[in-house]
Amino acid sequence: MQLSQKQTKQPGKISFLEKLAYGSGDLASNLVLVLTTTYATFFYTDALGLNPGIIGGILLASKLLDGTSDILMGFVMDRVHSKHGKARSWILWLAIPIGIATVMMFAVPNLGTIGKYIYVAITYNLVSTFFYTMINVPYGTLNSLMTRDQDERMVINVFRMFMAQIGQLVISGVTLPLVNFVGGSGYQKSWIIVGAIYGVLAALIFLFCYSNTKERVTVSEEQKTNLSFIASFKIIIKNNYWLLLVVVWVFLSFFINLSMLTASYYGKWILGDENLGGLLLSATLLPAILAMVLLPIFVRKIGKRNLSLIGGVGLVVVQVLMIINPTNITWLLVCSVVRGLALSTLMGTIFAMVADTIEYGEWKTGTRVEGMLYSTTTFGAKVGAGLAPAVALGILGAAGYNGVAAEQATKAIDAINFLYLYLPLPVLIVIPIIYLFYKLDKIYPQVMSDLEKREQA
């Protein structure tokens, strides 16, 4: 099998500053992503009073378009090259536009009910389908372009997920209190102010990421120009371990987005305080952040797949425990802490595993297509992220949920309980089952040894 490109010889270590800069990119991403996926729906239904079923349909269509745009973006990224780098250039170009678009999403004008829905559809897609995809797909791919060293990639990924969890923690714990501080969650102006704060911060952090990272893995001119979209897609579907991770992403993303989206509703209508939803999310994210620091130690001892398998089983157990005592805030906080520890094992390893499948795909097919492979992996995440709000808001709408009402109907309360406590359980059970079939960790040393021999030849 002939290798169709040549990689540069990689240095052994990446500096702390560069790892921090790379990780900060996911902090910026989450300032935008979590705000749009977690609180935008709450803003649409409880501040603007829009129908949750219609909003859910808009979000589902957006995420399906978003997944498609991911695949196209991966293809474009593999073919467009700049003096700023294959991936880094997109971070530079999109940093400011995505910050502006984040503010626009909350600046819904008074155009009548239909006009508001149209504006929501346009601006939500502008943020998530276009700008976020155009910056996040290259950002994720940058991991595989910084180094080919598996251990360094794992550490880089830990930095990424550590900073990502920081972003999620800030959004989850600070957003509603900040919105209420500047005017109240029922007032649109408050959301515009908070959107502007997060938009500016995201743009500045993206620029920091661009300025302090470096691409070291390069491909030949032949590889840059000769692969069509169909040829690239045929290559990646031969990668069986990539396919498994795509499926994991669908279920994991569905669970994460469902939990984050319904937490505010559960806090407001079940626990009696909308801020408690953010507190539960923070209780999940804070231990996940702390656990990230220890992940490389456990990965070196038992491997990424085994650690993820343990975490997947842990999530199932925790969800069952939450159902036992669903209104005791102390009990829910304890469960949230344990859930954060379990979740950290999956989120802390999955991007490093995706990078490993890039090397595996090159070893198996002789061709390296990191842009297409990474972007089609995130397609699974976008599908899960799209289905979660569509299902949740569809169920709430069917149950008669009214965000501006003083009280909710019994069916709406039952729907919130179902979405937060029971629906995640069958979703989570699938994840550890999938990991049982992931065997790449065992053969990865041979994969890298063979690739090195090919390059020397």
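Residues numbered from 1 in each chain as written. Predicted model: local features only at pLDDT ≥ 70, side-chain atom pairs only at ≥ 80, totals over all residues. Heavy atoms only, no water.

A.B. asks: Tell me what's going on with the packing of helix H15 (residues 370–398) against helix H16 (residues 410–422), and back it up with residues and numbers.
C.D. replies: Contact geometry of H15 with H16 gives a least axis separation of 8 Å together with a crossing angle of 160°. Our classification of the angle between H15 and H16 gives roughly antiparallel. In this structure, H15 crosses over H16, and the sense of that crossing is right-handed. Contacts between H15 and H16 involve Ala392, Ile395 and Leu396 on the former and, on the latter, Ala412, Ala415, Ile416, Phe418 and Leu419. (Axes fitted to C-alpha atoms, helices over the stretch in contact; angles between N-to-C directions. Helix = DSSP H or I, 4+ residues; strand = E, 2+ residues; numbered from the N terminus. Parallel < 35°, antiparallel > 145°, perpendicular 65-115°, else oblique. Left-handed = near helix turned anticlockwise from the far one by under 90°. Contact = heavy atoms within 4.5 Å.)

A.B. asks: Give me the lowdown on the environment of Val200, citing residues and values where you can.
C.D. replies: Relative to the elements of secondary structure, Val200 occurs in helix H6 (residues 188–211). Counting along the chain gives 98 residues from Val200 to Thr102, while the straight-line C-alpha distance between them is 9.2 Å.

A.B. asks: Explain the nonpolar core to me, using residue names and the numbers behind them.
C.D. replies: Counting residues in each nonpolar core, the largest one holds 141 residues, and the members touching the most others are Tyr44, Ile55, Trp191 and Tyr435. Residue contributions to this core peak at 17 residues, all from helix H9 (residues 240–269). Residue contacts for Ile55: discarding those within four places in its chain leaves Tyr44, Leu50, Tyr117, Val120 and Leu393. (Core = buried A, V, L, I, M, F, W, Y, C linked by side-chain atoms within 4.5 Å. Buried < 20%, exposed > 50% of the residue type's maximum accessible area, 1.4 Å probe, protein only.)

A.B. asks: Got a sec to walk through the side chain of Arg305? Specific residues and values, please.
C.D. replies: Take Arg305: it is sitting in helix H12 (residues 304–324). Of the side chains with opposite charge, Asp441 comes closest to the buried, unpaired Arg305, at an N-O distance of 6.9 Å. In this structure the side chain of Arg305 is engaged in a polar contact, spanning 2.9 Å, whose partner is the backbone oxygen of Tyr435. From its side chain, Arg305 meets the backbone oxygen of Leu436 in a polar contact 3.1 Å long. Those residues in contact with Arg305 that sit more than four places away from it in its chain are Met353, Tyr435, Leu436, Tyr438, Lys439 and Asp441. (Lys, Arg positive; Asp, Glu negative; His and termini not counted. Salt bridge = Lys/Arg side-chain N within 4 Å of Asp/Glu carboxyl O. Polar contact = N/O pair within 3.5 Å; in protein donor to acceptor, adjacent residues only side chain to side chain.)

A.B. asks: Can you tell me about a nonpolar patch on the surface, naming the residues and giving the values?
C.D. replies: Together, Val293, Leu294, Ile297, Phe298, Ile302 and Ile310 make up a nonpolar patch on the protein surface, roughly 540 Å² of accessible area in all. The residue Leu294 is located in the loop between helix H10 (274–292) and helix H11 (295–302) in this model. On the accessibility criterion, Leu294 (43% relative accessible area) is partly exposed. (Patch = residues over 30% accessible without salt bridge, like charges linked within 9 Å, V, L, I, M, F, W, Y side chains within 5 Å. Areas by Shrake-Rupley, 256 points an atom, 1.4 Å probe, with all protein chains shown as cover.)

A.B. asks: So what about H15? Which residues, and what values?
C.D. replies: In this model, H15 (29 residues) spans 42 Å end to end at C-alpha, consistent with the 42 Å of a helix rising 1.5 Å per residue. The element H15 is largely enclosed, with a buried count of 22 among its 29 residues. Directly beyond the C-terminal end of H15, a positive phi value near 85° is found at Gly400. (Expected span 1.5 Å × (residues − 1).)

A.B. asks: Pulling in residues and values, what's your account of the packing of aromatic side chains?
C.D. replies: Scanning the entire structure with this criterion turns up 16 aromatic pairs. With a centroid separation of 6.5 Å and 40° between ring planes, the pair formed by Tyr39 and Trp191 is classed as tilted. Highlighted residues: Tyr39 in helix H1 (residues 16–47) and Trp191 in helix H6, separated in sequence by 152 residues. You'll find Tyr39 and Trp191 in the same group, each marked buried. Relative to Tyr438, the ring of Tyr241 lies with its centre 5.3 Å away and its plane at 65°, an arrangement referred to as edge-to-face. Note that Tyr241 is positioned in helix H9 and Tyr438 in the loop between helix H17 (424–435) and helix H18 (440–456), a separation of 197 residues in sequence. Both residues of the pair, Tyr241 and Tyr438, count as buried. (Phe/Tyr/Trp six-rings, centres within 6.5 Å; stacked < 30°, edge-to-face > 60°.)

A.B. asks: Give me the lowdown on the packing of H9 against H15, citing residues and values where you can.
C.D. replies: The interhelical angle for the contact between H9 and H15, taken along N-to-C directions, is 35°, at an axis separation of 7 Å. Our pair here, H9 against H15, has a crossing hand that is right-handed. Residue composition of the contact of H9 with H15, grouped by class: 19 nonpolar, 7 polar and no charged. (Nonpolar A, V, L, I, M, F, W, Y, C, P; charged D, E, K, R; others polar.)

So yeah, pure geometry; function would need other evidence.
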